[in-house]
Number of protein chains: 2
Amino acid sequence: MPKYPNVSASVTRRLPRYYRFLNALEKQGVERISSKEFALIIGLTASQIRQDLNCFGGFGQQGYGYKVTLLRREIGRILALDNKIPAILLGAGNLGLAIAKHMDFEKDGFRLIGIFDKNPALTGKKIRDWHIRSTDELESFCAKYGPKIAALCIPAESATEIADDLVKWGITGFWNFSQCDLSFCEKDKVFVESVHLGDSLMTLRYYVDQLETEE
Amino acid sequence: MPKYPNVSASVTRRLPRYYRFLNALEKQGVERISSKEFALIIGLTASQIRQDLNCFGGFGQQGYGYKVTLLRREIGRILALDNKIPAILLGAGNLGLAIAKHMDFEKDGFRLIGIFDKNPALTGKKIRDWHIRSTDELESFCAKYGPKIAALCIPAESATEIADDLVKWGITGFWNFSQCDLSFCEKDKVFVESVHLGDSLMTLRYYVDQLETEE
């Protein structure tokens, strides 16, 4: 059984946002906050916040509000951020390298243990702490080090090609930047988090067009 | 008035996905497709697809299905992809450069006309067709070339600092990679499309943890 089987995706997807804001508040030295104040900062209603947090057990006290550090820690625990699982990154092109350099995987619950590319010209090059490895090594690497997560910064066709193998080799979660929608058999128990940058850009184009025609 | 004032965000956010799949089908030479077949490919129900497209006028024919090229073009028109508006990118760090190099802005309805960074060491360097400019030039550049969109690949504090100025200088849409939530007065008529990579990574961590505790 998952720990929170009945919590909806829309609630779950707000947790990182709560965590991010609580982190900032903690850094500013704020010790406690009412759901009303928190709502103002985060752009939700107080009752929405209370409802969301109640899905996981509450954490607030009537008339007192939330202890910032405590709530930040609790949400971090729900998100499993302290339990760092091994991850690999496929594709050392522009985007892959930027993700490897820019993202703080450790902060978000991961330990990046390998970067792979099929281009022999890139193999051996060093990116921060990692030497780029050849995708030929993937299977043996997975057998030896057991990564659970694969960030896919490779073209759609390559992603579709390799995804099933990765699942066979033990990957249970994908951070998918390839412009494709991966799907797996339910029995495989795999979660795919896709970041469709192109879709995001088109959405922006649409809404700016709607603003323009608003006059 | 916006062209489609009553269409919900969840419907709108599916349009880029439709567009992406229709593009792929067109490239494969598929000329027409039933809503049933399209639903299978895209992972929605046929009635959902019909409902979504009906918000914009339909485009299908009972018993015939959709003409792929026609529907792709219509959705492209709704998304305003053919009407390319000028965009700038702020922040020529790892992520900014990857976005500039990796994304095909033209395909998604934009024309990238300038890249800016406050680091003098980067000023003048060439990225594809663009020389990195100093942020000191931003105001005069905006006055001269009238960019409408700003992609923000800068730290949260810098983004919060500069956002209001950018709106004053004519920016109406933000593609926001800074780890902050920008907000504006309603009268400003600005749309913000945020890509919170950290939130996405935390969401992945959560769901993989839920899978692990499912046994």
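Quick summary incoming for the structure in this document. (Residues numbered from 1 in each chain as written. Chains lettered and ligands numbered in written order. Predicted model: local features only at pLDDT ≥ 70, side-chain atom pairs only at ≥ 80, totals over all residues. Heavy atoms only, no water.)

1. Description of the overall build of chain A
Stage number 1. The number of helices and strands found in chain A is 9 helices and 9 strands.
Stage number 2. With respect to the principal axes defined by its C-alpha atoms, chain A has extents near 60 × 50 × 35 Å.
Stage number 3. In chain A, which comprises 215 residues, the proportion classed as buried is 52%.
Stage number 4. Residue pairs at least 24 apart in sequence account for 54% of intrachain contacts in chain A once pairs closer than 6 positions are excluded.
Stage number 5. Entry remark: accessible area of chain A is about 10300 Å², with carbon and sulfur atoms responsible for 49%.
Stage number 6. Looking at charge distribution, chain A has the averaged site of its 28 positive side-chain charges lying 8 Å from that of its 27 negative ones. (Helix = DSSP H or I, 4+ residues; strand = E, 2+ residues; numbered from the N terminus. Buried < 20%, exposed > 50% of the residue type's maximum accessible area, 1.4 Å probe, protein only. Contact = heavy atoms within 4.5 Å. Areas by Shrake-Rupley, 256 points an atom, 1.4 Å probe, with all protein chains shown as cover. Lys, Arg positive; Asp, Glu negative; His and termini not counted. Charge placed at Lys NZ, Arg CZ, Asp CG, Glu CD.)

2. Description of the interface of chain A and chain B
Accessible area lost upon the coming together of the parts is a frequently used measure of interface size.
Stage number 1. Every contact between the two is made by 66 residues of chain A and, on the other side, 66 residues of chain B.
Stage number 2. Between chain A and chain B lies a buried interface of about 6300 Å² when both sides are counted; carbon and sulfur atoms form 63% of it.
Stage number 3. Contact with chain B buries area across many residues of chain A, yet Met202, Arg205 and Tyr206 of chain A alone supply 12% of it, more than any other trio.
Stage number 4. Our count for the chain A to chain B interface comes out at 8 salt bridges. (Buried area = accessible area lost by both parts, 1.4 Å probe. Salt bridge = Lys/Arg side-chain N within 4 Å of Asp/Glu carboxyl O.)

3. Considering the environment of Lys101 of chain A
Stage number 1. By secondary structure assignment, the location of Lys101 of chain A is in helix α6 (residues 94-102).
Stage number 2. Put simply, Lys101 of chain A and Arg128 of chain A are 27 residues apart on the chain and 7.0 Å apart in space, counted from C-alpha to C-alpha.
Stage number 3. Not counting residues up to four positions away in its chain, the partners in contact with Lys101 of chain A are Ile127 and Arg128 of chain A together with Asn94 of chain B.

4. Some points on the nonpolar core
Stage number 1. In terms of nonpolar packing, the biggest core is built from 113 residues, with Ile99, Trp175 and Leu197 of chain A together with Ile99, Trp175 and Leu197 of chain B touching the most fellow members.
Stage number 2. With residues up to four places along the chain from it excluded, the contact list for Ile99 of chain B reads Leu197 of chain A together with Leu89, Phe105, Cys153, Trp175 and Phe177 of chain B.
Stage number 3. If you look at the next biggest cluster of nonpolar residues, it comprises 21 residues, including Phe116, Ala156, Val167 and Ile171 of chain A. (Core = buried A, V, L, I, M, F, W, Y, C linked by side-chain atoms within 4.5 Å.)

5. What to know about the relation of the copies chain A and chain B
Stage number 1. Here chain A sits on chain B after a turn of 180° about the axis and a move of 0.0 Å along it, with an RMSD of 0.0 Å. One copy is carried onto the other by what is essentially a two-fold rotation axis. Of the C-alpha atoms belonging to chain A, the one lying closest to the rotation axis is found on Ala98 of chain A, 3.0 Å away.
Stage number 2. Here 100% of the contact residues of chain A are again contact residues in chain B; the copies associate through an equivalent surface. (Least-squares fit on C-alpha atoms with pLDDT ≥ 70 in both.)

6. Here's the deal with the packing of aromatic side chains
Each aromatic ring pair is described using two quantities: the centre-to-centre distance and the angle formed by the ring planes.
Stage number 1. With the rule as written, the count across this model stands at 20 aromatic pairs over all chains.
Stage number 2. Each ring, one from Phe174 of chain A and one from Phe184 of chain A, has its centre 5.3 Å from the other, and the planes form 10°; the classification is stacked. Here Phe174 of chain A, found in strand β8 (residues 173-176), pairs with Phe184 of chain A, found in the loop between β8 and β9 (191-194); they are 10 residues apart in sequence, far enough to count as distant. Comparing Phe174 of chain A with Phe184 of chain A, the two get one shared label, buried.
Stage number 3. Ring geometry for Phe191 of chain A against Tyr207 of chain B: centres 4.4 Å apart, planes inclined by 20°, an arrangement best described as stacked. Placement of the pair is Phe191 of chain A in strand β9 and Tyr207 of chain B in helix α9 (residues 197-212), with the two residues belonging to separate chains.
Stage number 4. Ring pairs connect the aromatic residues Tyr4, Phe56 and Phe191 of chain A together with Tyr206 and Tyr207 of chain B, which therefore count as one cluster.
Stage number 5. Positioned above the aromatic ring of Tyr64 of chain B is the side chain of Arg32 of chain B, whose terminal nitrogen or guanidinium carbon lies 4.0 Å from the ring centre. (Phe/Tyr/Trp six-rings, centres within 6.5 Å; stacked < 30°, edge-to-face > 60°. Lys NZ or Arg CZ within 6 Å of the ring centre and 35° of its normal.)

7. Quick word on the side chain of Asp209 of chain A
Stage number 1. Note on placement: Asp209 of chain A falls in helix α9 (residues 197-212).
Stage number 2. With relative accessibility at 4%, the residue Asp209 of chain A sits in the buried group.
Stage number 3. At a separation of 2.8 Å, a polar atom in the side chain of Asp209 of chain A contacts the side chain of Lys3 of chain B.
Stage number 4. In this structure, Asp209 of chain A is in contact with Lys3, Ala80 and Asn83 of chain B, ignoring residues within four places of it in sequence. (Polar contact = N/O pair within 3.5 Å; in protein donor to acceptor, adjacent residues only side chain to side chain.)

8. Topic: the pairing of strand β7 (residues 149-152) of chain B
Residue and element names in this part refer to chain B.
Stage number 1. Here β7 shows a buried face lined by Ile149 and Ala151 and a second buried face lined by Ala150 and Leu152.
Stage number 2. Looking at chain direction, strand β3 (residues 85-90) and β7 are connected through 4 bridges and run parallel. If you follow Ile88 over to β7, its bridge partner there is Ala150.
Stage number 3. Sheet topology places β7 next to strand β8 (residues 173-176); 4 bridges connect them, and they run parallel. When the bridges of β8 are listed, Ala150 appears paired with Phe174.
Stage number 4. Following the backbone out of β7, through helix α8 (residues 156-168) and into the adjacent parallel β8, one traces a crossover that is right-handed. (Pairing = 2+ DSSP bridges. Right-handed = clockwise from strand over helix to strand, strands pointing away.)

9. Here's the deal with the packing of helix α3 (residues 35-42) of chain A against helix α4 (residues 46-54) of chain A
Two numbers describe a pair of packed helices, the interaxial angle and the distance between the axes.
Residues and elements named next belong to chain A.
Stage number 1. Running from N to C, α3 and α4 point in directions that differ by 105°, and their axes come no closer than 8 Å. The pairing of α3 with α4 is recorded here as roughly perpendicular in orientation. Contacts between α3 and α4 involve Ser35, Lys36, Phe38, Ala39 and Ile42 from the former and Ala46, Ile49 and Arg50 from the latter.
Stage number 2. The residue makeup of the contact of α3 with α4, split by class, is 5 nonpolar, 1 polar and 2 charged. (Axes fitted to C-alpha atoms, helices over the stretch in contact; angles between N-to-C directions. Parallel < 35°, antiparallel > 145°, perpendicular 65-115°, else oblique. Nonpolar A, V, L, I, M, F, W, Y, C, P; charged D, E, K, R; others polar.)

The values are spatial; any link to function lies outside them.
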